[in-house]
Amino acid sequence: VVLVVAGVLMARWSNRDTDELTPAVPASRPASESRKSPTPVAESALREALTTRPQDARLGGELASLLTRQEMFEPGREAARRAYELSKGADDGIALILARSEGHSANHVGAIEILETVVARSPKDYDAHFLLAVSYDRVHNLERAVHYYRATIGLAPRPTQARLLLANLYAGGDRGACAN
């Protein structure tokens, strides 16, 4: 009964956009429609600001975040890498944006390297622990995935998705189904 309920909840959760590495796209929507063009005004404003302040890592991080949210993963990844280099890896927010971008590009090992650094600096960062758990799950390092899923559960008051992914991992199901 518990596995059936968990399966139903995971199926519902996989259609949500929060805390996911890759938002689910309904099967009925053509692939060409799954890509949304970013808000032109926001993207233009960020790009213009970056031309006047090219060394501003936060602006680069904002552009990377915008592009990634709009499912423009490769341009988002490039912007995130530039911002990360400008911040010299010291800004955890930019590091998380880059780690998400690496995850979208299936470079989970790269994401793990970045996230391990963030977790070492900020041991109570829920997002870093969650993304690290998902990344370890994706590279099939189940021991580390379980460790970080449990840490995530301990850090959040209602860590529903982390609990479901951990339950799915224990059940031997399609790991990462909820995080896709």
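Keep in mind it's a predicted model, so treat the numbers as computed, not measured.

Thoughts on the environment of Arg 69
Here Arg 69 lies in helix α3 (residues 57-69). For Arg 69, a relative accessible area of 52% corresponds to the exposed category. A sequence separation of 32 residues divides Arg 69 from Ser 101, and the C-alpha atoms of the two residues are 10.0 Å apart.

Quick word on the pattern of salt bridges
Pairing between side chains of opposite charge can happen when the charged atoms of each approach one another. What the rule picks out here adds up to nine salt bridges. As a salt-bridge pair, Arg 47 and Glu 43 come within 2.9 Å of each other at their nearest N and O atoms. With a gap of four residues between them, Arg 47 and Glu 43 both fall in helix α2 (residues 40-52), about one helical turn apart. Measuring nitrogen to oxygen at the nearest pair gives 3.0 Å for the salt bridge that ties Arg 81 to Glu 102. Of this pair, Arg 81 sits in helix α4 (residues 73-86) while Glu 102 sits in helix α5 (residues 92-104), placing them 21 residues apart in sequence. Linked through salt bridges whose partners overlap, the residues forming this network are Glu 74, Arg 77, Arg 81 and Glu 102.

Quick word on the side chain of Asp 137
Looking at where Asp 137 falls in the secondary structure, it is placed in helix α7 (residues 126-138). Looking at Asp 137, the relative accessible area reads 3%, which means it is buried. Looking at Asp 137, its side chain comes within polar contact range of the side chain of Tyr 149, at 3.0 Å.

Digging into helix α6 (residues 108-121)
An ideal rise of 1.5 Å per residue puts 20 Å on 14 residues; α6 measures up with 20 Å between its terminal C-alpha atoms. Taken residue by residue, α6 has His 108, Gly 110, Ala 111, Ile 112, Ile 114, Leu 115, Val 118 and Val 119 as its buried positions. Packing partners of the buried residues in α6 comprise α4, α5, α7 and α8 (142-155).

Things to note about the nonpolar core
If you look at the biggest cluster of nonpolar residues, it comprises 39 residues, and the most contacted ones within it are Leu 115, Phe 130, Leu 132 and Tyr 149. For this core, the leading source of residues is α7, giving eight residues. Those residues in contact with Leu 132 that lie beyond four places of it in its chain are Ile 112, Leu 115, Glu 116, Val 119 and Tyr 148.

Calculation notes
Residues numbered from 1 in each chain as written. Predicted model: local features only at pLDDT ≥ 70, side-chain atom pairs only at ≥ 80, totals over all residues. Heavy atoms only, no water. Helix = DSSP H or I, 4+ residues; strand = E, 2+ residues; numbered from the N terminus. Buried < 20%, exposed > 50% of the residue type's maximum accessible area, 1.4 Å probe, protein only. Salt bridge = Lys/Arg side-chain N within 4 Å of Asp/Glu carboxyl O. Polar contact = N/O pair within 3.5 Å; in protein donor to acceptor, adjacent residues only side chain to side chain. Expected span 1.5 Å × (residues − 1). Contact = heavy atoms within 4.5 Å. Core = buried A, V, L, I, M, F, W, Y, C linked by side-chain atoms within 4.5 Å.

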